[in-house]
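Chain and residue survey
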Amino acid sequence: MDEDLYIEYNEKTGEPFLRLGENILKLDREEISGEFAEKAFKELRETPENRERGLDELRNLLKNEENFFKPNEDTAFLLKFLRPCKFYAKSAFKIMKKFYKFKEKNLKYSQNLIPESVKRCYVDEIITFLPARTLEGSRIMVVNIANWNPKEVSVTTFIRGVFIALEIAMGEPKTQVGGVHVILNLEGLSLSHITQFNPSLARMILQLVQECLPLRLKGIHIINQLTLFKVIYAIFKPFIGEKLKKRLFFHGTNYDELIAKVDSFCLPPRWGGTLSSPDAPGRLLYDIIHFYSYEYKEISTYGYTKKIET
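Please read these numbers as outputs of a predicted model, since none were measured by experiment. (Residues numbered from 1 in each chain as written. Predicted model: local features only at pLDDT ≥ 70, side-chain atom pairs only at ≥ 80, totals over all residues. Heavy atoms only, no water.)

1. Let's talk about the overall build of the protein
Within the protein, the secondary structure is distributed over 15 helices and 10 strands. When the backbone C-alpha atoms are referred to their principal axes, the protein occupies close to 50 × 45 × 35 Å. In the protein, which comprises 310 residues, the proportion classed as buried is 53%. If you take every contact in the protein between residues at least 6 apart in sequence, the share linking residues at least 24 apart comes to 77%. Surface accessibility of the protein: about 15000 Å² in total, with carbon and sulfur atoms responsible for 51%. Averaged over its 45 positive side-chain charges, the protein has a centre that lies 8 Å from the centre of its 41 negative ones. (Helix = DSSP H or I, 4+ residues; strand = E, 2+ residues; numbered from the N terminus. Buried < 20%, exposed > 50% of the residue type's maximum accessible area, 1.4 Å probe, protein only. Contact = heavy atoms within 4.5 Å. Areas by Shrake-Rupley, 256 points an atom, 1.4 Å probe, with all protein chains shown as cover. Lys, Arg positive; Asp, Glu negative; His and termini not counted. Charge placed at Lys NZ, Arg CZ, Asp CG, Glu CD.)

Structure representation (structure tokens):
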């Protein structure tokens with residue numbers, strides 16, 4: 001029962017977590033070690049030498065970028081761009097510029113992006129995270145369309161909520177290494193949802209996902225889609241590139257296919273998995289995210305301070 005669940009706090013760091021059966025749901029802010037460090041070495045070229053070289057080169061590149069406010073000495077900030085780019089500083093610099101130019105161009109969705117501004121997205125469980133990571137260490141983010149009432153939560157707030165979720169993933173060292181799977185649960189999709197989107201908005205969303213995110217996107221899994229899905233897919237399809245197509249999976253109610261891509265132990269029984277943990281109550285997940293509001297207020301100040309050419 002939800003009433004039996006409550007936020008606990010790490011005795012050493014004071015950071016919040018939620019105990020869900022055998023699993024712990026929290027924001028994984030600690031630096032990588034063990035199997036994640038080994039994976040980073042094998043897949044991302046992360047060695048002490050490459051790490052220091054990448055940090056130094058990226059800092060030097062950033063020094064000459066005009067009108068761009070960023071915490072050059074914040075190693076954690078720089079690593080979230082270096083890791084997905086395998087410590088090639090020029091590539092990290094390129095994606096960083098794209099990310100912040102995107103934010104500058106789309107202030108409606110990215111300005112003052114703090115948890116309070118998207119509270120309903122999490123309390124209503126429109127956006128949530130599963131507590132277990134895959135064998136590869138991937139974070140699993142879930143979007144539940146049935147929980148989204150566009151009359152109460154605007155499409156702008158919905159997209160801002162997704163943006164916060166992506167910022168969470170970007171800021172987790174384990175997710176920088178293990179990547180992220182996104183499950184779009186389209187059960188309950190209706191015309192009231194579809195009419196929120198148009199080609200311009202679809203192009204903007206896919207530009208962010210395909211060109212501007214420093215994330216290892218492992219897969220976007222669409223489940224429980226109905227006939228109406230064809231209508232909204234037709235809006236997005238023209239803007240889907242070849243690379244994303246290879247990471248886009250349409251499972252319907254064939255959960256065996258979902259399990260083949262995302263490990264069974266990570267998924268709840270309703271989707272064919274063996275995850276024994278209860279769902280995270282949205283109000284408690286929001287409380288965890290809200291704990292870090294001071295960081296998101298700081299993050300929201302990063303970027304271009306004057307209008308830039310895109």
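Alright, that's what it looks like, and here's the rest.
2. So, the packing of aromatic side chains
Under the counting rule described, the total for this entry stands at 19 aromatic pairs. Ring centres of Phe 81 and Tyr 100 lie 6.2 Å apart, and the angle between their planes is 45 degrees; on these two criteria the pair is classed as tilted. With a gap of 19 residues between them, Phe 81 in helix 3 (residues 75–82) and Tyr 100 in helix 4 (residues 89–105) connect regions that are remote in the sequence. Classification of Tyr 100 as buried rests on a relative accessible area of 2%. An aromatic cluster is defined as three or more aromatic residues linked by ring pairs; in this entry it consists of Phe 68, Phe 69, Phe 77, Phe 81, Phe 99, Tyr 100, Phe 102, Phe 163, Tyr 302 and Tyr 304. If you follow Arg 270 out to its NZ or CZ, it ends over the ring of Trp 271, 4.9 Å from the centre. (Phe/Tyr/Trp six-rings, centres within 6.5 Å; stacked < 30°, edge-to-face > 60°. Lys NZ or Arg CZ within 6 Å of the ring centre and 35° of its normal.)

3. Some remarks on the side chain of Asn 224
Within the secondary structure layout, Asn 224 lies in the loop between strand 8 (217–223) and helix 11 (229–236). Looking at Asn 224, the relative accessible area reads 8%, which means it is buried. Engagement of the side chain of Asn 224 in a polar contact is seen with the side chain of Tyr 255, the distance being 2.7 Å. Leave out the neighbours within four places in its chain, and Asn 224 touches Asn 185, Leu 186, Glu 187, Gly 252, Thr 253, Tyr 255 and Trp 271. (Polar contact = N/O pair within 3.5 Å; in protein donor to acceptor, adjacent residues only side chain to side chain.)

4. Remarks on the sheet that holds strand 5 (residues 127–129)
With mixed pairing, 5 strands are arranged side by side in an open sheet as 5-6-7-8-9. Strands with a single pairing partner mark the edges of an open sheet, and in this sheet they are strand 5 and strand 9 (248–252). The mean angle between the axes of side-by-side strands here comes to 20 degrees, regardless of whether they run parallel or antiparallel. Direction of pairing for strand 6 (residues 139–144) relative to strand 7 (residues 180–185): parallel, over a ladder of 6 bridges. (Pairing = 2+ DSSP bridges. Axes fitted to C-alpha atoms, helices over the stretch in contact; angles between N-to-C directions.)

5. Side note on a nonpolar patch on the surface
A cluster of nonpolar side chains, Tyr 9, Phe 291 and Tyr 294, forms an exposed patch at the surface whose accessible area comes to about 340 Å². Its place among the elements puts Phe 291 in the loop between helix 14 (282–290) and helix 15 (293–299). On the accessibility criterion, Phe 291 (31% relative accessible area) is partly exposed. (Patch = residues over 30% accessible without salt bridge, like charges linked within 9 Å, V, L, I, M, F, W, Y side chains within 5 Å. Salt bridge = Lys/Arg side-chain N within 4 Å of Asp/Glu carboxyl O.)

6. Let's talk about the sheet that holds strand 1 (residues 7–9)
Spatially, the 3 strands line up as an open sheet ordered 1-2-3, and their pairing is antiparallel. Strands with a single pairing partner mark the edges of an open sheet, and in this sheet they are strand 1 and strand 3 (23–25). Neighbour to neighbour, the strand axes of the sheet diverge by 45 degrees on average, direction disregarded. Pairing of strand 1 with strand 2 (residues 16–20), which is carried by 3 bridges, proceeds in the antiparallel orientation. Of the residues in strand 2, the one forming a bridge with Ile 7 is Leu 18. Against the sheet, helix 14 contacts strand 1, strand 2 and strand 3, and its axis sits at roughly 155 degrees relative to strand 2.

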